[in-house]
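Tertiary structure, described
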Amino acid sequence: MMFGKLFFKGEKGRKGGWRKGLRVPASFPLFFLSSFLLLTSFAPKHEYHVSVTHMQFNPAQKSFEVSIRIFTDDLEKGLSQSNGNQRFVVKDNDKNDPLVEKYIRKGFVLTDSGRNPVAMHYVGKEQEEDATWIYLEIPFQGKTDGYRLQNSTLMEVFDDQVNMTNLKLVSEKKTFLFKKGQTVHAL
């Protein structure tokens, strides 16, 4: 009952009640605001952790054109954890491209039938509202026999991370879901 006595005392000589003589300590608005900010700072900006990748074979260029869409705040957290908890802000024309490239290369790997990583060219990134598009180009001869794709991006950061990858060859389409425990698929 201490709470009621502290905040809801009535005027002197009158019966107490919350509508009569409400006395709020001067620090209450500051306490309320700081509590609200503290509680909402732990709330996720989005309830799911997912990336979407499109890999399309370009027969004229003999390469895969790859676009990866990742929530920007998730990418920033992944970059931070990979770089000594340094704070990152990802946006167009920033100086983070070498770090983004290094981070993506760590989790997104195409291997040939001999289990050798296939060369990958980082083209760049582009900002879109709450997401970042990352563009890659991967030389490819058009035969998927023995090739395997790893897409474990952000899985070290979020246990529920899912990376969906749409693969389009000349006349064939496939979709793969990558998640913890299933980070590699045969093409």
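Residues numbered from 1 in each chain as written. Predicted model: local features only at pLDDT ≥ 70, side-chain atom pairs only at ≥ 80, totals over all residues. Heavy atoms only, no water.

Some remarks on the packing of aromatic side chains
Note the cut-off: Ring pairs shown here join Phe, Tyr and Trp side chains whose ring centres sit within 6.5 Å, with only the six-membered ring taken for Trp; geometry is labelled stacked below 30 degrees between planes, edge-to-face above 60, and tilted in between. In this description a helix means any DSSP run of H or I spanning at least four residues, a strand means any run of E spanning at least two, and both kinds are numbered starting from the N terminus. Accessibility here uses a 1.4 Å probe with only protein chains present; expressed as a share of the type maximum, an area under 20% marks a residue as buried, one over 50% as exposed, and anything in between as partly exposed. Only Lys NZ and Arg CZ are tested; either one counts as a charge over a ring when it is within 6 Å of the ring centre and within 35 degrees of the ring normal.
Here the structure, examined in full by the defined rule, presents 6 aromatic pairs. Where Tyr-48 meets Phe-71, the ring centres are 5.7 Å apart and the plane angle is 65°; that geometry is what we call edge-to-face. In this pair, Tyr-48 sits in the loop between α2 (28-41) and β1 (50-58) while Phe-71 sits in strand β2 (residues 63-71), placing the two residues 23 residues apart along the sequence. On the accessibility criterion, Phe-71 (6% relative accessible area) is buried. Between the aromatic rings of Phe-57 and Phe-140, the centroid separation amounts to 5.8 Å while the plane-to-plane angle is 80°, which identifies the pairing as edge-to-face. A residue pair is termed long-range when its members are at least 10 positions apart, and Phe-57 in strand β1 and Phe-140 in the loop between β5 (131-139) and β6 (148-151) qualify at 83 residues. In terms of burial, Phe-57 and Phe-140 fall into one category: buried. Here the guanidinium or amino end of Arg-69 rests over the ring plane of Phe-71, the centre of that ring lying 5.9 Å away.

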